[in-house]
Amino acid sequence: LLIQQEAPLLDYRFEPNNGLQIPQGFTFGFPGNAIFDKQGNLWVLNRGPVPVTAFDPSGKMIKALGEGLFGNRPHALRLDPEGNIWVADGSTHIVVKMDQNGKVLKACIAIATAPWYSCANSCMAWCLSASMKIASLKNSPNNIGSMVK
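These figures come from a predicted structure and were not determined experimentally.

S.K.: It is not clear to me how the sheet that holds strand S6 (residues 85-89) should be interpreted in this structure. Could you clarify?
M.R.: The strands that make up a sheet pair up through hydrogen bonds in the backbone, lying either parallel or antiparallel. The antiparallel open sheet is built from four strands, whose spatial order is S5-S6-S7-S8. Among the strands making up the open sheet, the edge pair consists of strand S5 (74-79) and strand S8 (104-109). Each neighbouring strand pair of the sheet contributes to a mean axis angle of 15°, computed without reference to strand direction. Relative to S8, strand S7 (residues 94-98) is paired through five bridges, and the arrangement is antiparallel. Of the residues in S8, the one forming a bridge with Val95 is Cys108.

This is how it looks when you write it as structure tokens:
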């Protein structure tokens, strides 16, 4: 097994504030996830008071959603084929489905089954059949994970 000891140089440049135009007074927390939609907008999940933000291709913030919906660790963000927003929060163990205006359409809650059990909804994906899957990491003594349909 050959393991490369040095990474190749990449032709990247530093952009202060990532080139995103965050409005003055807006508290932008630590980013947990980022994805692009079909229109080229960048959706960023952050750990601030308003966790779901969208930026147009020029970097201008065009949406800020989800205030008060999540705990302190939202970390998975996906858009489904219809453009709905799905957010998983590891601190409250919920997955929330919202429309593009922030209206909650569905919420799923992981139920703890033992005192040591904690469900951190880690990843979401859609199958070709358009059914959503949630991968969950269980912080249990044997670290067993699961897939929820």
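S.K.: Honestly, the confidence of the model for the protein in this entry has me stumped. Any pointers?
M.R.: The predicted coordinates should not be examined in detail at positions where pLDDT is low. Here the protein averages 75 in pLDDT, while 64% of its residues score no lower than 70. Low pLDDT (under 50) marks residues 112-121, which in the prediction has 32 contacts with non-local residues, meaning those over four places away or in another chain.

S.K.: Where do I start with the sheet that holds strand S3 (residues 52-55) in this structure?
M.R.: Spatially, four strands are ordered S1-S2-S3-S4 in an open sheet, and the strand pairing comes out antiparallel. Sheet topology places strand S1 (31-36) and strand S4 (61-65) at the edges, where each strand pairs with a single neighbour. Neighbour-to-neighbour, the strand axes of the sheet open up by a mean angle of 15°, direction not taken into account. Bridging between strand S2 (residues 42-46) and S3 involves four bridges; their strand directions are antiparallel. Looking across to S3, one finds that Val44 is bridged to Thr53.

S.K.: Sorry, what's going on with the side chain of Thr53 here?
M.R.: Among the secondary structure elements, Thr53 is positioned in strand S3. The residues touching Thr53, leaving out its near neighbours within four places in the chain, are Phe26, Phe28, Leu42, Trp43, Val44, Asn46, Met61, Lys63 and Ala64.

S.K.: What exactly am I supposed to notice about the packing of aromatic side chains here?
M.R.: The geometry of two aromatic rings is summed up by the distance between their centres and the angle between their planes. Applying the stated criterion across every chain, the model contains one aromatic pair. Between the aromatic rings of Phe28 and Phe55, the centroid separation amounts to 6.3 Å while the plane-to-plane angle is 65°, which identifies the pairing as edge-to-face. Of this pair, Phe28 sits in the segment before S1 while Phe55 sits in strand S3; the two residues are 27 residues apart in sequence, bridging distant segments of the chain. By relative accessible area, Phe55 is classed as buried at 0%.

Calculation criteria
Within each chain, residues carry numbers counting from 1 in the order of the written sequence. Under the rules for a predicted model, residues below a pLDDT of 70 receive no local features and side-chain atom pairs below 80 are neither given nor counted, while totals for whole chains, interfaces and linings still include all residues. Here the side-chain values reflect all heavy atoms present in the structure, with hydrogen atoms and water set aside. At least two bridges found by DSSP between two strands are what make those strands a pair. Helical segments are the DSSP runs of H or I of at least four residues, strand segments are the runs of E of at least two, and each set is numbered from the N terminus. Every angle, taken between N-to-C directions, lies between 0 and 180 degrees, and every axis is a line fitted to C-alpha atoms, over only the stretch in contact when it is a helix. Every residue gets a pLDDT, meaning the predictor's confidence in that residue, from 0 to 100. When checking whether two residues touch, look at their non-hydrogen atoms; a contact exists if any pair is within 4.5 Å. Pairing of aromatic side chains here covers Phe, Tyr and the six-membered ring of Trp, requires ring centres within 6.5 Å, and sorts the geometry by plane angle: under 30 degrees stacked, over 60 edge-to-face, intermediate tilted. Exposure classes here rest on a 1.4 Å probe applied to the protein chains alone. A residue is buried below 20% of its type maximum, exposed above 50%, and partly exposed in between.

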